[in-house]
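What follows is the residue order along each chain.
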Amino acid sequence: MSNWYEVITPEIKEFITKQMMFFVATAPNAGRINLSPKGMDTFRVLSDKRAIYLDITGSGNETAAHLFENGRITIMFCSFDRNPSILRLYGHGRTIHPRDDRWNDYLAMFPATPGLRQIMEIDIDSAMTSCGYAVPRLDHLTERNTLRKYWEKRSDTVLEKYHRDMNERSIDDLPTGLFTGGSHSS
């Protein structure tokens, strides 16, 4: 059974803070749907209608391209412990870059993280909880530090070159807004 909410309730916020990972889904107007797992203590609830997460440099930049084009985003958390539960946050988002006014304020909410590409800001339209009875139970879930170590060993110059070479356009050749200024606003 599903329950719908117009805001992030205190109970939903508490559930979010206990999860070690989440999934981000976006889609362009035409093209591939993207679904990405995230972790590394990168999600924050700012209010009952807004959340942010750090976006660490990876092989593609699909989420940014989709947000730049239409802003639609869904975030899913699911519990892997003995209490089954799934939470989806539906909303519209935008990318925040070092050139943007809110960058420093948002960045201060997180531990130092190498390889940072941008911050995703999400205005929440609704939230839905459901049972999660089919989600497997996993014990000893721990953070994988491979990506952190990878970017710790590389310079800012290498990081920027990677962004320009691999993250400026999506796999569907859509602009990500990484270097072009401006972002989608909902």
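Everything discussed here concerns the structure shown above.
The model shown is predicted, which means the values in this text are computed figures rather than measured ones.

What to know about the environment of Met21
And then number 1: Residue placement: Met21 occurs in the loop between helix H1 (10-18) and strand E2 (22-26).
And then number 2: Excluding residues within four positions of it along the chain, Met21 makes contact with Pro37, Lys38, Gly39, Phe77 and Phe80.

A word on the nonpolar core
And then number 1: Ile16, Phe43, Tyr53, Ile75, Phe77, Leu87 and Leu89 are the most contacted members of the largest nonpolar core, which has 21 residues in total.
And then number 2: The set of elements that each furnish at least two residues to this core consists of H1, E2, strand E4 (43-47), strand E5 (50-56), helix H2 (62-69), strand E6 (72-78), strand E7 (86-96) and strand E8 (116-130).
And then number 3: Not counting chain neighbours up to four residues away, the residues in contact with Phe77 comprise Phe15, Ile16, Gln19, Met21, Phe22, Phe43, Ser85, Ile86, Leu87 and Leu89.
And then number 4: In this structure, Met40, Ile52, Ile56 and Trp151 belong to the second largest nonpolar core, which totals 12 residues.

A closer look at the pairing of E2
Regular strands place side chains that alternate from one sheet face to the opposite one.
And then number 1: Judged by how many residues are buried, E2 sits mostly within the fold: 4 of 5 residues are covered.
And then number 2: When E2 meets strand E3 (residues 34-38), the two strands line up antiparallel, connected through 5 bridges. Residue pairing for E3: Phe22 is matched across the bridge by Lys38.
And then number 3: Of the strand pairs in this sheet, E2 and E6 are connected by 3 bridges, and their pairing is antiparallel. Its bridge partner being in E6, Phe23 is matched across the sheet by Met76.

Observations concerning the pattern of salt bridges
And then number 1: Scanning all chains against the criterion turns up 14 salt bridges.
And then number 2: The shortest N-O distance in the salt bridge between Asp55 and Arg117 comes to 2.7 Å. One end of the pair, Asp55, is in strand E5; the other, Arg117, is in strand E8, and 62 residues separate them in sequence. Across the pair, Arg117 and Asp55 agree in class, each one buried.
And then number 3: A salt bridge links Arg102 to Glu121; the shortest N-O distance between them is 3.2 Å. Of this pair, Arg102 sits in the loop between E7 and helix H3 (103-107) while Glu121 sits in strand E8; the two residues are 19 residues apart in sequence, bridging distant segments of the chain.

Focus: the environment of Ser36
And then number 1: By secondary structure assignment, the location of Ser36 is in strand E3.
And then number 2: Judged by relative accessible area, Ser36 falls into the buried class, the value being 15%.
And then number 3: Along the primary structure Ser36 and Ile75 are separated by 39 residues, whereas in three dimensions their C-alpha atoms are 9.6 Å apart.
And then number 4: Ignoring any residue separated from it by four or fewer positions in sequence, one finds Ser36 in contact with Phe22, Phe23 and Val24.
And then number 5: At a separation of 3.1 Å, a polar atom in the side chain of Ser36 contacts the side chain of Asn34.

As for the pairing of E4
And then number 1: Two strands pair when backbone bridges link them, and E4 and E5 are joined in this way by 4 bridges, in the antiparallel orientation. Bridge pairing in E5 places Arg44 opposite Ile52.
And then number 2: Turn length for the E4-E5 hairpin, with the two strands adjacent in sequence and antiparallel, is 2 residues.

Calculation rules
- Residues numbered from 1 in each chain as written.
- Predicted model: local features only at pLDDT ≥ 70, side-chain atom pairs only at ≥ 80, totals over all residues.
- Heavy atoms only, no water.
- Helix = DSSP H or I, 4+ residues; strand = E, 2+ residues; numbered from the N terminus.
- Contact = heavy atoms within 4.5 Å.
- Core = buried A, V, L, I, M, F, W, Y, C linked by side-chain atoms within 4.5 Å.
- Buried < 20%, exposed > 50% of the residue type's maximum accessible area, 1.4 Å probe, protein only.
- Pairing = 2+ DSSP bridges.
- Salt bridge = Lys/Arg side-chain N within 4 Å of Asp/Glu carboxyl O.
- Polar contact = N/O pair within 3.5 Å; in protein donor to acceptor, adjacent residues only side chain to side chain.

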